[in-house]
Amino acid sequence: MRRSGLDGAPRGPKNLPMFGLRLLRAVGLLEGLSFVLLLFVAMPLKYVWDQPAAVRWVGMGHGVLFVALVVLVLQVGPSRGWPWSRMAAGVAAAFVPFGPFLFDRTLRRELAEAR
């Protein structure tokens, strides 16, 4: 078994640092929040009050967070031994309002079980 970095702990799905999982949770929550802001704040500002700047800035932030979420799911998932269906659910959740908050519940349980 390969040894990792300075601490010499064995690598493997169950022994990986929890940093990736915590980062995935944080990015997922921020992405979910940005999606809700985009749909329920920025879009009404643009189409009801003719203020398109909110969509530009919130939309750009949401796009960056969306890409980061997909990349993290595709990195963290295989390292944690997730099946493809769970990774697909994580990516699909980003397309649904409040979906990242639902997917976060599974991540929170996984973190609690790992402790």
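Conventions and cut-offs
Residues numbered from 1 in each chain as written. Predicted model: local features only at pLDDT ≥ 70, side-chain atom pairs only at ≥ 80, totals over all residues. Heavy atoms only, no water. Helix = DSSP H or I, 4+ residues; strand = E, 2+ residues; numbered from the N terminus. Buried < 20%, exposed > 50% of the residue type's maximum accessible area, 1.4 Å probe, protein only. Contact = heavy atoms within 4.5 Å. Axes fitted to C-alpha atoms, helices over the stretch in contact; angles between N-to-C directions. Parallel < 35°, antiparallel > 145°, perpendicular 65-115°, else oblique. Left-handed = near helix turned anticlockwise from the far one by under 90°. Nonpolar A, V, L, I, M, F, W, Y, C, P; charged D, E, K, R; others polar.

Caption draft 1: View of the overall build of the protein chain. Counting its regular elements, the protein chain contains four helices and zero strands. The order of helices and strands in the protein chain, counted from the N terminus, is α-α-α-α. Looking at the 115 residues of the protein chain, the share that counts as buried comes to 30%. Put simply, 64% of the contacts in the protein chain that link residues at least 6 apart link residues at least 24 apart.

Caption draft 2: Main features of the packing of helix α2 (residues 53–80) against helix α3 (residues 84–93). Between α2 and α3, whose axes approach to 10 Å, the crossing angle comes to 165 degrees. Taken together, the axes of α2 and α3 lie roughly antiparallel to each other. Helix-helix and strand crossings are classified by hand; for α2 and α3 the assignment is right-handed. Taking contact as the criterion, the partners of L69, V70, V73, G77 and P78 in α2 are, on α3, M87, G90 and V91.

Caption draft 3: A look at the packing of helix α1 (residues 19–47) against helix α4 (residues 99–114). Packing of α1 against α4 brings their axes to within 9 Å, and their N-to-C directions diverge by 165 degrees. One element, α1, and the other, α4, form an angle in the roughly antiparallel class. Crossing of α1 over α4 shows left-handed handedness. Residues L21, R22, L24, R25, G28, L29, E31, G32, L33 and V36 of α1 touch α4, and the partners they reach there are P100, F101, D104, L107, R108, E110 and L111. Of the residues assigned to the contact of α1 with α4, the class counts are nine nonpolar, two polar and six charged.

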